[in-house]
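Below, each chain spelled out in residue letters.
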There are 2 protein chains.
Amino acid sequence: MRLTAKGRYAVTAMLDLAVHDGEGPTSLADISERQGISLSYLEQLFAKLRRSHLVKSVRGPGGGYQLTRAASSIYVAQIVDSVDEIVDATRCAGRANCNHGETCLTHELWSDLSSQIHQFLSDIDLASIIAKREVRERAARQHMKRDDLIRMPAEEVEA
Amino acid sequence: MRLTAKGRYAVTAMLDLAVHDGEGPTSLADISERQGISLSYLEQLFAKLRRSHLVKSVRGPGGGYQLTRAASSIYVAQIVDSVDEIVDATRCAGRANCNHGETCLTHELWSDLSSQIHQFLSDIDLASIIAKREVRERAARQHMKRDDLIRMPAEEVEA
DNA sequence: CAATAACCAATCTAATTAGTCGGATATTAC
DNA sequence: GTAATATCCGACTAATTAGATTGGTTATTG
């Protein structure tokens, strides 16, 4: 598992798509505009996302991309995996003395950790990222109400 | 949080150090040999690890590096942070229309996720990675005992 | 003093990342 | 049917990062 800018762009774009889910197709031009990612780069990312069946496309005017399934069924690990293709990680495959020697121990430790990280990201779906934020915002508003409502100008309290 | 080959090398090297902890200083030449990472690249990584006070060095013959504290007090996130310096992630800082517009929502969603990942890696220490493996190995041996002990030569069962 | 090994900096190359360009194809609206 | 939209596609380029190389200096040990 690796987590680079490429994966970040992909997750960001998919979150944008999830936020606008149910409003019809979202064009890459819109995502490009909103997220500050170049259109052609998005095209490359979405080619991979489409091949991984995470999004489907609608061509022509008014077209764009849509999630293939509910945001609650799309997991971060799937997104990262589809754009950030994995490298062989261990650098150990070719070396003869490495199989089950002491040398190999550390490689296995790394791959254990790596799969833990992967598992972690496999449990986080797009909908829950969005939901978590809504909960936090509600909590913040409640907190603000209790503590600062009286002292603060009304327009700063209301959201 | 990003997780690249650089961070992987650093974690691998630190795991190697942790495995050999208590045997006196471990030289970079040894790690280089065992893990297949070039000596000069290790030097660059360990310069950063030392600046982050994760390792201390002993110069001269028989010298090398040692963990500054118990492996159970060194966390993966600390290692990754010290070598894989963070970029500004959002690409939103400079854009005027982004602050609290709809555009910024997705950026915040990403940064929420990013801090979740960071938190996750902040909870995993080197000792537990090693321990987890030992537990798994013991379990594998137990399983083997129950199923195959009678049929297998003794020297392959005992470790 | 000779060997070892950390320390340091600059430089180079290879690989990857990020973004560009010029199209082709499908779809819609007029 | 044609003009506009927007996906699709491949090749190309610029910039950054990864990793290697070189050529040392300094500290420690025997």
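To keep things clear, this report deals only with the structure shown in the data block. (Residues numbered from 1 in each chain as written. Chains lettered and ligands numbered in written order. Predicted model: local features only at pLDDT ≥ 70, side-chain atom pairs only at ≥ 80, totals over all residues. Heavy atoms only, no water.)

1. Looking at the nonpolar core
This is how the line gets drawn: For the purposes of this section, nonpolar cores are sets of buried Ala, Val, Leu, Ile, Met, Phe, Trp, Tyr and Cys residues that join through side-chain atoms within 4.5 Å. A simple rule labels every residue: compare its accessible area, found with a 1.4 Å probe on the protein chains alone, to the largest value its type can have, and call it buried under 20%, exposed over 50%, or partly exposed in between. Contact between two residues is taken to exist if any of their heavy atoms lie within 4.5 Å; hydrogens are not considered.
Counting 74 residues, the largest nonpolar core has A:Met14, A:Phe46, B:Met14 and B:Phe46 as its most contacted members. Not counting residues within four places of it along the chain, the set of residues in contact with A:Phe46 comprises A:Ala13, A:Leu17, A:Leu28, A:Ile31, A:Val55 and A:Tyr65.

2. Focus on the pattern of salt bridges
As a reminder of what qualifies: Salt bridges are defined by distance alone: a side-chain nitrogen of Lys or Arg within 4 Å of a carboxyl oxygen of Asp or Glu. We count a stretch as a helix when DSSP gives it H or I for four or more residues in a row; a strand needs E for two or more, and each element gets its number in order from the N terminus.
Per the counting criterion, the structure on display carries seven salt bridges over all chains. Between A:Arg2 and A:Asp84 there is a salt bridge, with the nearest N and O atoms lying 4.0 Å from each other. Separated by 82 residues along the polypeptide, A:Arg2 in the segment before helix 1 (5–19) and A:Asp84 in the loop between helix 4 (76–83) and helix 5 (102–122) bring together distant segments of the chain. Of the residues examined, A:Asp84 reaches a relative accessible area of 3% and is grouped as buried. In this structure, the salt-bridge partner of A:Arg136 is B:Asp112, at a minimum N-O distance of 2.9 Å. Within this pair, whereas A:Arg136 is found in helix 6 (residues 126–148), its partner B:Asp112 is found in helix 5 (residues 102–122), the two belonging to separate chains. Judged by relative accessible area, A:Arg136 falls into the partly exposed class, the value being 41%. Of the residues examined, B:Asp112 reaches a relative accessible area of 17% and is grouped as buried.

3. Considerations on the relation of the copies chain B and chain A
Keep this limit in mind: Least squares is the method used to superpose the copies, on C-alpha atoms of residues holding a pLDDT of at least 70 in both.
Taken as rigid bodies, chain B and chain A are interconverted by a rotation of 180 degrees and an axial shift of 0.0 Å, the fit giving an RMSD of 0.1 Å. A rotation of that kind, with that shift, is consistent with a two-fold axis. The position closest to the rotation axis in chain B is occupied by the C-alpha of B:Leu3, lying 2.4 Å away. Interface overlap between copies is the fraction of interface residues in one copy that are interface residues in the other; for chain B against chain A it reaches 98%, indicating a shared surface.

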